[in-house]
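Topology and contacts: notes
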Amino acid sequence: MTLDKVKKGQQIIIRKILDELVRAQAIRFGIAEGSVITCQEIVPAGPVVVRRAKQEIAIGRNLARNIDVELVN
Amino acid sequence: MVDNKEKLINATIVGNPNVGKSVIFNNFTNTYTDVSNYPGTTVEAICGRSGNFVFSDTPGTYGLSGFTEEERLARDIVLRSDMVINVVDATHLERDLFLTQHLIDAGLQIVVALNLMDEAEEQGIYINVEKLEEELGVPVIPTVAVNGDGMEKLLKLLCAARVGNITPGIMENLSYYKLPQRESLLVAEGDLDTANRNNCKPGNRRDLFYRLRRDRVNGIVASVVREITVESSMASRIGHIMLHPVTGIPMLLLTLFLIYQLIGVVVAQTLVGYTEEIVMGGMYQPFIRNLLSGFISEQSTIWSILAGKYGLFTMAVTYLFGLLLPLVMGFQLVLSILEDSGYLPRIAVLMDRILLGMGLNGQAVIPMILGFGCVTMATMSTRMLGSDREKFIAIVILAFTVPCSAQMAIITSMMAGLGFYYALAYGLILFTIMVSTGIILSRLLPGSPSGLWIDLPPVRLPRLSNVLKKTWIKSTDFVQEAVPLFAGGALFLSVLEITGGLEAIENLLVPVTVNLLGLPKEVAGGFIMGFIRREFGTAGLFTTPMNPVQQFVALITVTFFVPCIATAMIIFKERGWKQGAAIWLSIFVLAFVVGGIVSKLISLINIMPGVSVMPVLSGITVLVLALVLYINWNGEESLSR
Ligand SMILES: Nc1nc2c(ncn2[C@@H]2O[C@H](COP(=O)(O)OP(=O)(O)OP(=O)(O)O)[C@@H](O)[C@H]2O)c(=O)[nH]1
Ligand SMILES: [Mg+2]
């Protein structure tokens with residue numbers, strides 16, 4: 001599934017970031033393919049806020065749509 | 001003793017956004033550049049000298065990559081520097097050490113300032129500094145920049161800057177380029193500007209290098225950081241309330257209401273009522289007239305220049321110090337508090353959806369809000385936006401629709417006299433034009449908004465000393481900039497009035513001022529002042545007596561009037577003279593178009609018997625806004641299908 005479908009509170013693992021520029025940008029923040037993040041908040045029709053370690057990052061819906069993720073159980 | 005012959009050392013302060021670079025810069029150079037709690041405060045290189053060092057403060061950056069204009073700026077300064085002071089946020093080592101390692105891989109001389117140690121401790125993060133030093137191979141100095149902790153040690157250790165341990169697997173890829181290490185690294189990573197500068201083909205190693213670097217950083221962090229779980233702090237809970245959809249919007253509205261109460265009521269009515277009427281009108285003006293009448297006859301030309309309608313010592317001084325200054329200070333105070341709290345990026349997240357329709361993303365909210373302080377500064381901060389298209393749209397919206405603090409100052413005090421429904425209609429018209437401008441530009445320009453990607457700073461209690469210092473500096477800047485311009489403008493108008501030139505211009509402009517806008521022809525003088533700064537224009541307009549509806553139309557027109565000279569210059573600098581001139585002229589024409597439409601609409605409403613004008617005008621504006629949004633929404637639907 002993609003990041004924009006995630007529900008609040010779920011823990012997810014990043015599978016694939018399609019856009020090359022976004023991938024480079026994300027890896028600098030510490031979000032690479034394989035990293036585990038938590039969905040912190042979802043603004044209706046708006047961005048997804050995720051947390052990795054102590055860092056909160058807001059990701060626009062259109063970007064989130066291009067990030068493949070998987071639920072961690 | 002400083003040996004003057006000794007070579008100056010260029011020391012560049014680099015780090016991720018919002019980690020305290022500017023605090024450290026101010027500390028080293030004893031100056032003040034803006035410090036705020038949101039990523040993207042510093043948008044240009046700022047230099048200051050101290051001893052043998054020339055320090056440069058740079059915009060925050062997550063790597064030497066140049067994805068945005070700010071990052072390119074930081075990259076270019078780093079490439080030219082002798083050494084780098086890398087400021088690192090101790091609470092976000094995983095994120096920040098990526099840049100550190102990037103700098104190390106570029107073979108630069110580095111000292112690391114491990115800043116925000118106080119917050120790390122609060123959050124239960126313990127860092128083994130010696131181990132970190134050993135892993136990186138460069139000196140690491142723990143600091144709490146806002147208290148000055150560690151600053152002396154950092155300054156002392158600048159000469160101990162070293163080249164660190166490069167990421168394994170990178171060096172062997174660089175020897176192919178016969179360039180200095182810093183250049184070859186960037187070229188190998190596909191950096192276009194650096195490749196062009198050296199006349200070689202950009203490489204394709206970015207993905208590989210970034211992954212290697214990320215792995216190495218994760219390894220270092222795992223071996224030096226120990227975390228214990230602490231109860232989530234008050235600040236982080238407030239942060240969640242700000243973002244939660246159910247609580248976030250009410251909180252935003254409450255914040256706006258409080259700002260209105262503080263500025264619109266306490267400052268604009270109570271305080272200004274006192275400074276303008278009692279201090280300036282009741283004490284200063286009689287005093288200065290009395291004083292002058294000892295030297296000059298009240299019928300003379302000099303008298304009318306100095307103490308007449310547009311008099312230098314009467315109108316100019318009263319408006320500047322009795323009306324504008326208290327309000328500008330009020331606005332700057334509120335903005336400083338907002339900037340320091342960490343609320344701005346969260347507002348950006350909440351507003352993202354709305355701004356996408358205007359061809360922007362949520363991040364553009366930050367320049368827009370800063371615009372209510374000073375449009376000139378805000379125009380510069382559009383550099384934080386992701387694409388040129390977004391910068392253009394943001395600059396036009398700022399120049400056309402956002403009134404700066406000085407102008408808001410006058411508008412608020414005028415509105416206070418006109419009453420609630422006038423203020424409501426005014427606010428709605430402003431908002432509608434703002435949104436429509438964005439939507440129309442977004443439709444006209446090819447491309448689509450870049451996606452939001454913003455890191456949220458922690459919510460912090462604003463530091464009183466920083467808030468006061470910033471308010472003070474911005475207000476004195478305002479006075480320094482405004483006084484000569486205002487004095488020049490007032491003088492110019494007086495001369496025009498005396499020579500009869502003003503009357504000629506007034507008569508010439510009758511088709512616009514009287515026929516189109518329905519205002520007295522004397523307002524022409526106000527618009528002339530408006531070319532210099534909009535708030536002078538606003539002030540100038542109201543030296544002419546008008547009825548409430550005329551005042552309203554005049555306010556609307558001058559709100560959308562051309563931006564002040566300082567802003568115009570920045571626009572020309574950022575967009576080139578062709579685009580700059582096009583923007584300026586369009587705004588000039590559109591201001592009268594908007595004013596004309598509003599004026600004619602009011603006359604139409606007036607024909608209907610028994611209706612009150614302003615509520616109806618507000619209603620019509622809401623309908624127009626709804627229509628614009630509906631058309632745009634339908635368009636988006638059909639586009640995405
Ligand atoms: N608690 C604490 N706050 C700090 C410290 N250093 C800086 N700050 C705060 O961190 C925020 C950012 O500081 P700035 O100096 O503006 O950061 P910057 O790195 O210049 O940011 P940009 O110009 O946006 O890249 C401000 O709110 C500071 O008050 C510190 O050591 N401890
Ligand atoms: Mg800064």
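The structure displayed is predicted, hence computed values, not measured ones.

Residue and element names in this part refer to chain B. Read from one edge to the other, the open sheet built from six strands follows the order S2-S3-S1-S4-S5-S7, with strand pairing classed as mixed. The sheet is open, and its two edges are formed by strand S2 (46–50) and strand S7 (140–142), each paired on a single side. Looking at each pair of strands side by side, their axes are set apart by 25° on average, direction ignored. Contacts from helix H3 (residues 93–105) reach strand S1 (9–15), strand S4 (83–89) and strand S5 (110–115) within the one sheet, and its direction differs from that of S4 by about 170°. Against the sheet, helix H5 (residues 129–136) engages S5 and S7, with an angle of about 155° to S7.

Our focus in this paragraph is the site of ligand 1. Residue and element names in this part refer to chain B. Around ligand 1, the surrounding shell holds 25 residues, and the nearest of these are Lys 21, Ser 22, Thr 41, Thr 42 and Asp 118. Val 19 places a polar main-chain atom, nitrogen or oxygen, 3.1 Å from an oxygen atom of ligand 1. Here Ala 145 contributes a backbone N or O atom positioned 3.0 Å from an oxygen atom of ligand 1. Put simply, the parts of the chain that give the shell around ligand 1 at least two residues each are helix H1 (21–29) and helix H4 (117–122).

Once that is clear, we can look at the pairing of strand S2 (residues 36–42) of chain A. Residue and element names in this part refer to chain A. The element S2 is extensively covered by neighbouring structure, given that five of its seven residues are classed as buried. When strand S1 (residues 11–17) meets S2, the two strands line up antiparallel, connected through three bridges. Bridge pairing in S2 links Gln 11 to Thr 38. Between S2 and strand S3 (residues 48–52), which follow one another and run antiparallel, lie five residues, and Ala 45 among them has a positive phi close to 60°.

Residue and element names in this part refer to chain B. Every protein donor of the magnesium ion (ligand 2) is accounted for by Ser 22 (OG) and Thr 42 (OG1), and the metal-donor separations fall at 1.9 to 2.1 Å. Taken together, the residues span a long stretch of sequence, with Ser 22 in helix H1 and Thr 42 in the loop between H1 and S2 at a distance of 20 residues. Under the relative-accessibility criterion, Thr 42 is labelled buried at 10%.

On to helix H23 (residues 524–532) of chain B, then. For an α-helix, the turn length of 3.6 residues means that residues three or four places apart are oriented alike. Most of H23 of chain B sits out of view: eight of its nine residues are buried. Residues of H23 of chain B that are buried: Ala 524, Gly 525, Gly 526, Phe 527, Ile 528, Met 529, Gly 530 and Ile 532 of chain B.

With 32 residues of chain A at the contact, the number on the chain B side is 34 residues. Roughly 3,100 Å² is buried in total at the junction of chain A and chain B, and carbon and sulfur atoms are behind 61% of that figure. Counting the surface chain A buries against chain B, the share from its top three residues, Arg 28, Phe 29 and Lys 54 of chain A, is 26%. Between Glu 56 of chain A and Arg 346 of chain B there is a salt bridge, with its nearest N and O atoms 3.6 Å apart. For the pair chain A and chain B, the number of links is 16 residue pairs in polar contact (both at pLDDT 80 or more). Taken together, the elements giving at least two residues each to the side of chain A that touches chain B come down to helix H1 (20–29), S2, S3 and strand S4 (55–59) of chain A. A per-element tally of the side of chain A that touches chain B places H1 of chain A first, with 10 residues. Each residue belonging to the side of chain A that touches chain B can be placed in one class, and the counts come to 19 nonpolar, five polar and eight charged. Inspection of the sheet shows S4 of chain A paired to strand S9 (residues 453–456) of chain B by four bridges, in the antiparallel sense. Bridge pairing in S9 of chain B places Ala 58 of chain A opposite Ile 454 of chain B.

Glancing now at the packing of H3 of chain B against helix H9 (residues 206–224) of chain B. All names here are of chain B. It is at 9 Å that the axes of H3 and H9 come closest, and there the two elements cross at 125°. Considered as vectors, H3 and H9 are oriented oblique to each other. By crossing handedness, the relation of H3 to H9 is classed as right-handed. Note on element contacts: H9 touches H3 through Tyr 210, Arg 213, Arg 214, Arg 216, Val 217, Asn 218, Ile 220, Val 221 and Val 224, opposite Leu 93, Glu 94, Arg 95, Leu 97, Phe 98, Gln 101, His 102 and Asp 105. Here the residues of the contact of H3 with H9 sort into eight nonpolar, three polar and six charged.

The side chains of a regular strand alternate between the sheet's two faces. Residues and elements named next belong to chain B. By the criterion of burial, S5 is predominantly enclosed, with six of the six residues buried. Across the two faces of S5 the burial is the same, with Ile 110, Val 112 and Leu 114 and Val 111, Ala 113 and Asn 115 all buried. Summarising the sheet, S4 and S5 pair through six bridges and their orientation is parallel. Paired with Val 88 across the two strands is Leu 114, which belongs to S5. Between the parallel pair S4 and S5, the chain is carried across by H3, and the sense of this crossover is right-handed. Pairing of S5 with S7, which is carried by three bridges, proceeds in the parallel orientation. Along S7, the bridge assignment pairs Ala 113 with Ile 141.

The next thing to look at is the domain arrangement of chain B. Residue and element names in this part refer to chain B. Examined at the domain level, chain B breaks down into domain 1 (9–227) and domain 2 (242–455 + 466–640). One C-alpha centre belongs to domain 1, the other to domain 2; they are set 40 Å apart. On the side of domain 2, 20 residues touch domain 1, which itself brings 15 residues to the contact. With both sides pooled, the region where domain 1 packs onto domain 2 buries about 1,600 Å², and carbon together with sulfur makes up 51% of that total. Our count for the domain 1 to domain 2 interface comes out at four salt bridges. A salt bridge links Arg 383 to Glu 69; the nearest nitrogen and oxygen atoms lie 3.9 Å apart. On the surface where domain 1 and domain 2 come into contact, there are 12 residue pairs in polar contact (both at pLDDT 80 or more). Examining the composition of the side of domain 1 that touches domain 2, we find that three residues originate from one element, helix H2 (residues 69–80), more than from any other. A class-by-class count of the residues in the side of domain 1 that touches domain 2 yields seven nonpolar, three polar and five charged.

The next point concerns the nonpolar core. Residues and elements named next belong to chain B. Among the nonpolar cores identified, the biggest contains 110 residues, and Phe 478, Phe 486, Phe 552, Phe 560 and Leu 617 are the most heavily contacted of them. With 13 residues, helix H13 (residues 312–341) is the single largest residue contributor to this core. The residues touching Phe 560, leaving out its near neighbours within four places in the chain, are Phe 400, Thr 401, Ile 429, Leu 430, Ile 433, Arg 534, Ile 587, Ala 591 and Val 594. With 38 residues, the next largest nonpolar core counts Leu 93, Leu 97, Ile 110 and Ile 220 among its residues.

As a further point, take the sheet that holds S3 of chain A. One open sheet holds the six strands; their spatial order is S5(A)-S1(A)-S2(A)-S3(A)-S4(A)-S9(B), and the pairing between them is antiparallel. Edge positions in the sheet fall to strand S5 (67–71) of chain A together with S9 of chain B, since each of these pairs with one other strand and no more. Each strand of the sheet is rotated relative to its neighbour by a mean of 40°, with strand direction disregarded. Bridge analysis of S3 of chain A against S4 of chain A gives five bridges, and the strand direction is antiparallel. Across the sheet, Arg 52 of chain A pairs through a bridge with Gln 55 of chain A, a residue of S4 of chain A.

Conventions used here
Residues numbered from 1 in each chain as written. Chains lettered and ligands numbered in written order. Predicted model: local features only at pLDDT ≥ 70, side-chain atom pairs only at ≥ 80, totals over all residues. Heavy atoms only, no water. Pairing = 2+ DSSP bridges. Helix = DSSP H or I, 4+ residues; strand = E, 2+ residues; numbered from the N terminus. Axes fitted to C-alpha atoms, helices over the stretch in contact; angles between N-to-C directions. Contact = heavy atoms within 4.5 Å. Near = heavy atom within 4 Å. Polar contact = N/O pair within 3.5 Å; in protein donor to acceptor, adjacent residues only side chain to side chain. Buried < 20%, exposed > 50% of the residue type's maximum accessible area, 1.4 Å probe, protein only. Donors = N, O, S within 2.8 Å, 3.2 Å for Na, K, Ca; no water. Buried area = accessible area lost by both parts, 1.4 Å probe. Salt bridge = Lys/Arg side-chain N within 4 Å of Asp/Glu carboxyl O. Nonpolar A, V, L, I, M, F, W, Y, C, P; charged D, E, K, R; others polar. Parallel < 35°, antiparallel > 145°, perpendicular 65-115°, else oblique. Left-handed = near helix turned anticlockwise from the far one by under 90°. Right-handed = clockwise from strand over helix to strand, strands pointing away. Domains from an automatic or database assignment. Core = buried A, V, L, I, M, F, W, Y, C linked by side-chain atoms within 4.5 Å.

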